[in-house]
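# Geometric and topological summary
So the chains spell out like this:
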Amino acid sequence: MIPHWDVERRKMVESQLRRRAIRDERVLAAMLEIPRERFVPPEARLYSYDDGPVPIGWGQTISQPYMTALMAESLELSGRETVLEIGAGSGYAAAVLGALAARVVTIEIVPALAGMARENLRRAGRDGNVTVVCGDGSLGYPDLAPYDAISVAAGAPDLPPALLGQLNDPGRLVIPVGEWDDQELRVVVKRGGAVDERVAAMCRFVPLRGSEGWR
Ligand code: SAH
């Protein structure tokens, strides 16, 4: 039987997001709007609305819906921002961010995934304000800096200095920092020249690679 995706998506928003206290109505609306099943490869599509990460090939995953929502919420987007995402994967979170901000640039280090993300975004009609770049995002993307918000979707050993440098003032950044397979999700806020940090959750992301990531 072919799942009714709209029903699955509504259930996901209620049982995985609202119930776990995602409160930003714009984030909930974006998660209800973006067809997550279009960002999951055909062989795993049945698991599109599972309460966990799903493999997308090349040893990578599409993050758990709750984690995507939590990261988006912690960026406190109003719709006017330019956002940088590190780690496009199949493009899902970039599509969600695109629904919440003015412009999104997402960097992906695996060329085949960058191609997949671009294609998924185009087919879902979400490529109007989302650009996929292939490269090492641990150095950020200076061409369009500064960014009002930065979302890092892979676990880093530390906060890469280049990312903090490319963050606008005021600006917000979210990043998993810690061990190879076990991190804390840090929310970094730059305001009035000062930088504040808090831990939003414990998490387990795939490792950030590249020159400021894991070798
Ligand atoms: N944003 C995704 C999650 C992708 S998983 C979602 O929509 O759920 C993290 C991705 O980060 C992987 O595709 C991995 O290849 C990529 N990645 C790892 N290190 C990177 C780096 N230094 N620069 C860019 N992408 C990187």
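See above for the structure.
Residues numbered from 1 in each chain as written. Predicted model: local features only at pLDDT ≥ 70, side-chain atom pairs only at ≥ 80, totals over all residues. Heavy atoms only, no water.

Following the sequence through the fold, R172 ends up in strand β7 (residues 167-179). Taking the C-alpha atoms as reference points, R172 and L28, separated by 144 residues in sequence, lie 19 Å from one another. For R172, the residues in contact, after removing those within four places along its chain, are S74, L75, E76, D148, A149, I150, L167, V187, V188 and V189. Within polar-contact distance, the side chain of R172 engages the backbone oxygen of S74 at 2.8 Å. (Helix = DSSP H or I, 4+ residues; strand = E, 2+ residues; numbered from the N terminus. Contact = heavy atoms within 4.5 Å. Polar contact = N/O pair within 3.5 Å; in protein donor to acceptor, adjacent residues only side chain to side chain.)

As paired elements, strand β1 (residues 54-57) and strand β2 (residues 60-62) share three bridges and run antiparallel to each other. Note on β2: the bridge partner recorded for V54 is I62. Counting the residues in the hairpin turn of β1 and β2 gives two residues, including W58, whose phi is positive at 55°. (Pairing = 2+ DSSP bridges.)

This part is about the pairing of strand β3 (residues 82-86). The element β3 is extensively covered by neighbouring structure, given that four of its five residues are classed as buried. By the bridge criterion, five bridges tie β3 to strand β4 (residues 103-108) in an arrangement that is parallel. Paired with V83 across the bridge in β4 is V104. One crossover worth recording links β3 to the parallel β4 by way of helix α4 (residues 92-100), and it is right-handed. Sheet analysis places β3 next to strand β6 (residues 147-152), joined by four bridges and oriented parallel. Looking at β6, one finds that V83 is bridged to A149. (Buried < 20%, exposed > 50% of the residue type's maximum accessible area, 1.4 Å probe, protein only. Right-handed = clockwise from strand over helix to strand, strands pointing away.)

Glancing now at the environment of D169. Secondary-structure assignment places D169 in strand β7. According to the relative accessible area criterion, D169 is partly exposed, its value standing at 35%. Apart from the residues within four sequence positions on either side, D169 is in contact with K190, R191, G192 and G193. Separated by 2.9 Å, the side chain of D169 and the backbone nitrogen of G192 make a polar contact. At 2.7 Å, the side chain of D169 forms a polar contact with the backbone nitrogen of G193.

Relative to the helices and strands, R126 resides in the loop between α5 (111-123) and β5 (130-134). On a C-alpha basis, the gap between R126 and G91 in space is 9.7 Å, while along the polypeptide they are 35 residues apart. Look past the residues within four positions of R126 in its chain and what remains in contact with it is E33, I34, A95, A99 and L121. At a separation of 2.9 Å, a polar atom in the side chain of R126 contacts the side chain of E33.

Read these as geometric descriptors, not functional statements.
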